[in-house]
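Here is how the chains run, residue by residue.
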Amino acid sequence: IYHIAVKIKAMNKKTVIIIILFAFSLMLGILFQWEEFGVDDAFITYRFAEHIAEGKGFIWNHNEQPVYGSTSFLYTFLLSLFARSGFDIPESSIITGIISRAFSSVLLFLICLLFTDIKTSVTASLLFSLSLSTIIFSPGLETQLYTMLILLTFYLYFAKKLTLASIAAALLVM
């Protein structure tokens, strides 16, 4: 434990706060979403992702014409990559949401830090993390991934990393 304490003391305050916020938000996500498999709309995306992973394309039923019935091409394609790699689609979706939400908490802290002090930034991030409605009403949906991409776009824009901000913004329309 002493070695861990020495390493933490050597880190700057901002890094320690980021690690704590990420871990806190991750813990809340795991606590409230782990046993979920997604709200009913998520299963529409899961079905399309499964068919894409099978190489059948963007179809609802086998042997039918391709249709676009998912709310997010990017998220459907991401889940199909997980399925293609042998991972369970609903579990991959929940884990993606939990991790995206944790990164969103950190990004919100970093955005606020550009404009205000550490206390206010931590408060904003904690309020976001403690907002259980964002956990309870979106398991399995693309909401958390897109929230993270929106916050990433703003952070990169405010940090004057415009090329990266453009790439993040482009992912939002997929």
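Above this text is the structure in question.
Since we're looking at a predicted model, the values are computed, not measured.

Caption draft 1: How the structure looks around the packing of aromatic side chains. Across all of its chains, the model carries 10 aromatic pairs by this definition. Between F48 and W60, the ring centres sit 5.4 Å apart and the planes meet at 50°, which makes this aromatic pair tilted. Pair noted here: F48 is in helix α3 (residues 42-53) and W60 is in the loop between α3 and α4 (73-84), with a separation of 12 residues, a long-range link. Residues Y157 and F158 carry aromatic rings whose centres are separated by 5.8 Å and whose planes lie at 65° to one another, so their mutual orientation is edge-to-face.

Caption draft 2: A look at the packing of α3 against helix α5 (residues 89-115). Interhelical geometry of α3 versus α5 gives an angle of 115° and a closest axis separation of 10 Å. As α3 packs across α5, the resulting crossing turns out to be right-handed. Between α3, through Y46, A49 and E50, and α5, the contact on the second element is made entirely by I89, P90 and S93. Taken together, the residues of the contact of α3 with α5 break down into 4 nonpolar, 1 polar and 1 charged.

Criteria and thresholds
- Residues numbered from 1 in each chain as written.
- Predicted model: local features only at pLDDT ≥ 70, side-chain atom pairs only at ≥ 80, totals over all residues.
- Heavy atoms only, no water.
- Phe/Tyr/Trp six-rings, centres within 6.5 Å; stacked < 30°, edge-to-face > 60°.
- Helix = DSSP H or I, 4+ residues; strand = E, 2+ residues; numbered from the N terminus.
- Axes fitted to C-alpha atoms, helices over the stretch in contact; angles between N-to-C directions.
- Left-handed = near helix turned anticlockwise from the far one by under 90°.
- Contact = heavy atoms within 4.5 Å.
- Nonpolar A, V, L, I, M, F, W, Y, C, P; charged D, E, K, R; others polar.

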